[in-house]
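Understanding the architecture of this molecule
This is what each chain is made of:
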Amino acid sequence: VTMLSNIVSVVTMFASVIAAVSSLVAVFLHYLKDMAFYKLNSYRERLDNMYIPFYRAYCTGRLFSYKLTDFDKDIIVRIINLFNDNIHYLDTVSQTLFCSVYFNFTQWTVYKSMGLYDDACHYEEALNSSFKALSKLVLLEYQELLSKCRLPQATILPTNQLEK
């Protein structure tokens with residue numbers, strides 16, 4: 001009888017341990033699922049608010065075919081505002097590049113409005129160059145986010161078209 005009660009005690013103890021470990025595994029797996037869902041939602045939010053609107057402007061506005069300063073000032077302002085309003089969705093390097101774009105844009109518009117065309121020309125070149133670099137980087141980030149969300153990859157025109 002003592003041996004049987006010892007066996008029952010050991011089996012009961014193992015069952016309790018198995019139940020406790022199973023509960024911990026279930027909680028851990030649920031946590032991992034929640035973290036994956038959170039990351040996916042974060043990626044989707046970045047896509048929806050910054051990257052997809054930029055890609056639409058890139059395609060429909062033919063940003064790949066022209067220099068930024070070839071567009072009307074209103075269009076440039078809308079593009080700048082898209083970045084400015086959603087800067088928190090950009091990766092760190094893109095945020096830094098946007099600061100350069102914004103600085104060059106403000107300097108270009110100030111010098112242009114003052115009639116200082118030599119200075120305006122300098123900032124126009126800097127604006128186009130920094131915006132081209134920012135566009136390339138944002139398009140790479142866009143592709144990366146699409147991949148992380150398991151969405152189809154976007155068609156990005158060859159970078160040589162951005163060289164104009």
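Residues numbered from 1 in each chain as written. Predicted model: local features only at pLDDT ≥ 70, side-chain atom pairs only at ≥ 80, totals over all residues. Heavy atoms only, no water.

With that settled, the discussion passes to the confidence of the model for the protein. Mean pLDDT for the protein: 91, with 95% of residues reaching 70 or above. Confidence scores differ between elements of the protein, with helix 1 (residues 2-60) showing the lowest mean pLDDT of 90 and helix 3 (residues 92-113) the highest of 97. (pLDDT = per-residue confidence, 0-100. Helix = DSSP H or I, 4+ residues; strand = E, 2+ residues; numbered from the N terminus.)

What follows deals with unusual backbone geometry. Note: most peptide bonds trans; most residues except glycine with negative phi. Positive phi outside glycine occurs at Arg 62, with the angle close to 55°. Counting through the fold element by element, Arg 62 comes out in the loop between helix 1 and helix 2 (73-85). On the basis of relative accessibility, which here comes to 40%, the residue Arg 62 falls in the partly exposed class. Of note, Arg 150 is a non-glycine position whose phi angle comes to about 55°, a positive value. Along the chain, Arg 150 falls in the segment after helix 4 (117-148). Residue Arg 150 is classed as exposed on the basis of its relative accessible area of 78%. (Buried < 20%, exposed > 50% of the residue type's maximum accessible area, 1.4 Å probe, protein only.)

Turning next to the pattern of salt bridges. Counting across every chain of the model gives three salt bridges. Taking the shortest distance from any N to any O, the salt bridge between Arg 44 and Asp 48 comes out at 3.2 Å. With Arg 44 and Asp 48 both in helix 1 and four residues apart, this pair spans about one turn of that helix. For the salt bridge of Arg 46 with Asp 91, the shortest nitrogen-to-oxygen distance reads 2.7 Å. One end of the pair, Arg 46, is in helix 1; the other, Asp 91, is in the loop between helix 2 and helix 3, and 45 residues separate them in sequence. Owing to a relative accessible area of 15%, Arg 46 belongs among the buried residues under this scheme. (Salt bridge = Lys/Arg side-chain N within 4 Å of Asp/Glu carboxyl O.)

The next thing to look at is the environment of Ile 76. Among the secondary structure elements, Ile 76 is positioned in helix 2. By relative accessible area, Ile 76 is classed as buried at 0%. In this structure, the C-alpha to C-alpha distance between Ile 76 and Phe 105, residues 29 residues apart in sequence, is 9.0 Å.

The next subject is the packing of helix 3 against helix 4. Two measures define how a pair of helices packs: the angle their axes make with one another and the distance between the axes. Across the interface, helix 3 lies against helix 4 with an axial gap of 8 Å and an inter-helix angle of 155°. By the criterion of interaxial angle, the relationship of helix 3 to helix 4 is roughly antiparallel. The crossing of helix 3 and helix 4 is left-handed. (Axes fitted to C-alpha atoms, helices over the stretch in contact; angles between N-to-C directions. Parallel < 35°, antiparallel > 145°, perpendicular 65-115°, else oblique. Left-handed = near helix turned anticlockwise from the far one by under 90°.)

Before going further, it helps to examine the packing of aromatic side chains. Any aromatic ring pair is given by two values, namely how distant the centres are and how the planes are angled relative to each other. A full pass over the atoms with the stated rule returns 13 aromatic pairs. The interplanar angle of 85° and the centroid separation of 6.3 Å between the aromatic rings of Phe 83 and Phe 131 together place this pair among those described as edge-to-face. Note that Phe 83 is positioned in helix 2 and Phe 131 in helix 4, a separation of 48 residues in sequence. Residue Phe 83 is classed as buried on the basis of its relative accessible area of 1%. When the ring of Tyr 111 is compared with that of Tyr 123, the centres are 5.5 Å apart and the planes differ by 5°; the resulting orientation is stacked. With Tyr 111 in helix 3 and Tyr 123 in helix 4, this residue pair connects regions lying 12 residues apart in the sequence. Classification of Tyr 111 as partly exposed rests on a relative accessible area of 22%. Among the aromatic residues, ring-to-ring pairing joins Phe 54, Tyr 55, Tyr 58, Phe 64, Phe 83, Phe 98, Tyr 102, Phe 131 and Tyr 142 into one connected group. (Phe/Tyr/Trp six-rings, centres within 6.5 Å; stacked < 30°, edge-to-face > 60°.)

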